[in-house]
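# Report on the structure
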Amino acid sequence: MSRVCELTGKGRQIGHNVSHANNKTKRTYLPNLQNVTLMSDALGRSVRLRVSTHGLRSVEHVGGLDNWLLKTSDDDLSLKARRLKRDVAKKVAEAA
């Protein structure tokens, strides 16, 4: 399972462990990913996603999963999220 947020595209970063003697060894910084169930108002069902805590806060700030998906570009989203975005856009277009 890859360590990438499905909504923001946030992935691992690479840095150094630095000792007291200033020796540097490579290490990775992993994002804080959580398995969450988010509710889609347009589709009327819940969706399980693997999201970083930063991404979860962003979704709540924007006003829900549907608003986040419609606002975000497809480049950052995972394949599952892109399919979900397409379904939400279709439902919103039908309602309007």
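Scroll up to find the structure.
Below is a summary of the structure that appears in this document. Per chain, residue numbering runs from 1 following the sequence as it is written. Reporting of local features is limited, given that this is a predicted model, to residues whose pLDDT is at least 70; pairs of side-chain atoms are given and counted only at 80 or more, and all residues count toward the totals for whole chains, interfaces and linings. As a rule here, side-chain values cover all heavy atoms of the structure and leave hydrogens and water aside.

## Observations regarding helix α1 (residues 53-62)
Owing to its 3.6 residues per turn, the α-helix aligns residues three or four sequence positions apart on the same side. Spelled out, the test is: Residue exposure (1.4 Å probe, protein chains only): buried if accessible area is under 20% of the type maximum, exposed if over 50%, otherwise partly exposed. Secondary structure follows DSSP: runs of H or I at least 4 residues long count as helices, runs of E at least 2 residues long count as strands, and numbering of each begins at the N terminus. Throughout, the arc means the angular range of directions from the helix axis out to the C-beta atoms. Here a residue-residue contact requires only that any non-hydrogen atoms of the pair lie within 4.5 Å.
When α1 is considered as a whole, its buried residues turn out to be Gly-55, Ser-58 and Val-59. In an axial view of α1, the angular spread of the buried residues amounts to 100 degrees, which keeps them on one side of the axis. The exposed set on the far side of α1, more than 90 degrees from its buried face, consists of Arg-57, Glu-60 and His-61. In this structure, the buried side of α1 is in contact with β4 (45-52) and α2 (65-71). Positioned one or two residues after α1, Gly-63 has a phi angle of 115 degrees, which is positive.

## Examining the nonpolar core
Applied cut-off: The criterion is simple. A nonpolar core is a set of buried Ala, Val, Leu, Ile, Met, Phe, Trp, Tyr and Cys residues joined through side-chain atoms within 4.5 Å.
Counting residues in hydrophobic clusters, the biggest one holds 17 residues, and the most contacted among them are Leu-7, Leu-49, Leu-65 and Leu-69. Where this core is concerned, the elements lending two or more residues are β3 (33-40), β4, α2 and α3 (79-95). Look past the residues within four positions of Leu-65 in its chain and what remains in contact with it is Leu-7, Leu-38, Met-39, Ser-40, Leu-49, Val-59 and Leu-84.

## Points about the side chain of Ser-40
Convention followed: Here a polar contact means two N or O atoms within 3.5 Å. Within protein one must be a hydrogen donor candidate and the other an acceptor candidate, and residues neighboring in sequence count only if both atoms are side-chain atoms.
Assignment of secondary structure puts Ser-40 in strand β3. The exposure class assigned to Ser-40 is buried, which follows from its relative accessible area of 0%. Here the side chain of Ser-40 touches Asp-66 through a polar contact of 2.8 Å, side chain to side chain. Sequence-distant contacts of Ser-40, that is, excluding residues within four places in its chain, are made with Arg-45, Leu-65, Asp-66 and Val-88.

The values are spatial; any link to function lies outside them.
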